[in-house]
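As a plain string of letters, each chain reads:
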Amino acid sequence: MSEESKNSGSSANDLDFLRMDWHKFLKARRAGAGFKLLENYKNDTLGDTDFPVTHVLWIQGAQCTGCSESLLDAANPDLLKAFEILNIDLERHEAFLAHQGLFVDGEPANTSELNSEILLDEISERGDYILMVEGAIANGPEGSGKYFMSGNRSSKEMFKKAAQNADLIIAVGTCAAYGGINVASSDIVDILDYRGVAFTKKDPSKGMLKVLGIDKPVINIPGCPPHPDWIMFTLSAIISGNIKIPDDLPEVLDEFGRPKVFFPPDHNVHKDCPRKEFFKNKEFDSCVGGEKCLLKMGCQAFLAHADCALRKWNDGHSYCVQAGSPCIACVEPDFPDNARPLYSSKKTKKKADR
Ligand code: SF4
Ligand code: SF4
């Protein structure tokens, strides 16, 4: 064990990020120790050798690229450093890497270096990768998946091919995990026209994997968008070998497939709110820009099982409620219907429901 590890009292067990008590983990993270532990572990177990390369294939369905943008905000270390420590080879990502394609008579032309459709096929057929999915997968109209086309194929077709040979699937963001905004109740769209990877809303029997008859281990990292820590520390736990896939998943995930360390079943965002004194004193804001409780503006933090209030965003500076925006419980499987109409008090909600 390195001197630094001894001094910090860290051990390989400390790297069981997904098994850690969530308060303890947050403390370590705030002290900037998370990736330090990982570096120590690497030095202690592998010396100068890198972690074996982990191939990552990232595909996007119906989404806004917010999850990818959030990942770019990873801090301490930044994303590139984290990828270097973890030896991640991000082989294909539609937004980060130049997405290009040449088609002749509707068929992809050229080679994988110049055509990302061909690259996707080559990686999917080879296997040996973690599949990261951002966005819901379109199933409609009538099961064709053509509501969402990428290049010359539907996201359903793309997902099927990529999922078949994946070692593990990580659904990044609420759209990929549960359908998110794409499955909001509506008079004009059948919610089953869009699906999450392993769930649609709270229903695992309606996930796209079930539709396609594919059985793969899945980790859900919801959030609209998810915190970069949630994504990077999940990858760390897997790559460091501290979490065995699929054997350890039932222990570390909740009933909706979320890592319990980031989405504690017995905790919610309201419990650590900096505005809680105002809540206790029944002092409420009625418009943005104030400092009081946001309940009357529709704050749904009671419903949100996540560590946002303590972890905070943008390198630990602030988060939704602190910045003045009511929590809309974006990490929950039934988002956004659970919080609709957004930013409205109960009274207004009743009115809106009439
Ligand atoms: S602003 Fe929201 S999270 Fe904060 S005390 Fe009020 S209801 Fe709770
Ligand atoms: S505070 Fe609420 S709305 Fe903001 S990220 Fe967390 S769960 Fe989502």
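Calculation rules
- Residues numbered from 1 in each chain as written.
- Chains lettered and ligands numbered in written order.
- Predicted model: local features only at pLDDT ≥ 70, side-chain atom pairs only at ≥ 80, totals over all residues.
- Heavy atoms only, no water.
- Pairing = 2+ DSSP bridges.
- Helix = DSSP H or I, 4+ residues; strand = E, 2+ residues; numbered from the N terminus.
- Axes fitted to C-alpha atoms, helices over the stretch in contact; angles between N-to-C directions.
- Contact = heavy atoms within 4.5 Å.
- Near = heavy atom within 4 Å.
- Nonpolar A, V, L, I, M, F, W, Y, C, P; charged D, E, K, R; others polar.
- Buried < 20%, exposed > 50% of the residue type's maximum accessible area, 1.4 Å probe, protein only.
- UniProt positions renumbered as here; feature names shortened; annotations may be inferred.
- pLDDT = per-residue confidence, 0-100.
- Phe/Tyr/Trp six-rings, centres within 6.5 Å; stacked < 30°, edge-to-face > 60°.

A.B. asks: Tell me about the sheet that holds strand β5 (residues 130–134), residues and numbers included.
C.D. replies: Strand order in the open sheet made by the 5 strands is β2-β1-β5-β9-β11, with parallel pairing throughout. Edge positions in the open sheet fall to β2 (88–93) and β11 (218–221), since each of these has one partner strand only. Each adjacent strand pair in this sheet contributes to an overall mean axis angle of 20°, direction not counted. Judged from the 5 bridges that link them, β5 and strand β9 (residues 168–172) form a sheet pairing that is parallel. Pairing of Ile130 across the sheet is with Leu168, part of β9. Across the sheet, helix α7 (residues 155–164) is in contact with β1 (54–60), β5 and β9; its angle to β1 comes to roughly 165°.

A.B. asks: How would you sum up the site of ligand 1? Please name residues and give values.
C.D. replies: The environment of ligand 1 is formed by His270, Cys273, Arg275, Lys276, Phe279, Cys293, Leu294, Cys299, Ala301, Phe302 and Val321. Per-class residue counts for the shell around ligand 1 are 8 nonpolar, 1 polar and 2 charged.

A.B. asks: So what's going on with the pairing of β1? Which residues, and what values?
C.D. replies: The buried fraction of β1 is high, at 7 of 7 residues. Of the strand pairs in this sheet, β1 and β2 are connected by 5 bridges, and their pairing is parallel. Looking at β2, one finds that His55 is bridged to Asp89. Looking at chain direction, β1 and β5 are connected through 5 bridges and run parallel. Within β5, the residue paired with Ile59 across the bridge is Val133.

A.B. asks: Describe the UniProt feature "binding site: [3Fe-4S] cluster" (unreviewed entry) in the protein, naming the residues involved and giving the relevant values.
C.D. replies: Per the UniProt annotation, the sites labelled "binding site: [3Fe-4S] cluster" (unreviewed entry) are Cys308, Cys327 and Cys330. Spanning 23 residues, the named residues nonetheless gather at one spot, since no C-alpha pair among them exceeds 10.9 Å. The topology assignment puts Cys327 in the loop between α13 (308–311) and α14 (346–353). Cys327 gets classed as buried once you look at its relative accessible area, which sits at 9%. Not counting the four nearest positions on each side in its chain, Cys327 is found in contact with Gly298, Cys299, Gln300, Ala301, Ala304 and Val321. Among the structural elements, Cys330 can be located in the loop between α13 and α14. Ignoring any residue separated from it by four or fewer positions in sequence, one finds Cys330 in contact with Thr174, Gly223, Cys224 and Phe335.

A.B. asks: So what's going on with the environment of Gly223? Which residues, and what values?
C.D. replies: Examined against the element boundaries, Gly223 turns out to sit in the loop between β11 and α10 (228–239). The class for Gly223 is buried, based on a relative accessible area of 1%. Sequence separation between Gly223 and Pro333 is 110 residues; the distance between their C-alpha atoms is 9.7 Å. Other than its neighbours up to four places away in sequence, Gly223 contacts Gly173, Thr174, Trp230, Cys330 and Val331.

A.B. asks: Break down the confidence of the model for the protein for me, citing the residues and quoting the values.
C.D. replies: Residue-level pLDDT values for the protein average 88, and 91% of them are 70 or greater. Considering only residues more than four positions removed or in separate chains, one finds that residues 1–12, a stretch of pLDDT under 50, has 16 contacts. Per-residue pLDDT stays below 50 along residues 348–354; that stretch engages in 3 contacts with residues further than four places along the chain or on separate chains.

A.B. asks: Mind laying out the packing of aromatic side chains, listing which residues take part and the relevant values?
C.D. replies: Counting across every chain of the model gives 7 aromatic pairs. For the ring pair Phe279 and Phe302, a centre distance of 5.7 Å and an interplane angle of 55° mean the geometry is tilted. Taken together, the positions of Phe279 in helix α12 (residues 276–280) and Phe302 in the loop between α12 and α13 put the pair 23 residues apart, joining distant regions of the chain. A residue is classified by how much of its surface remains accessible, and Phe302, at 35% relative accessible area, is partly exposed.

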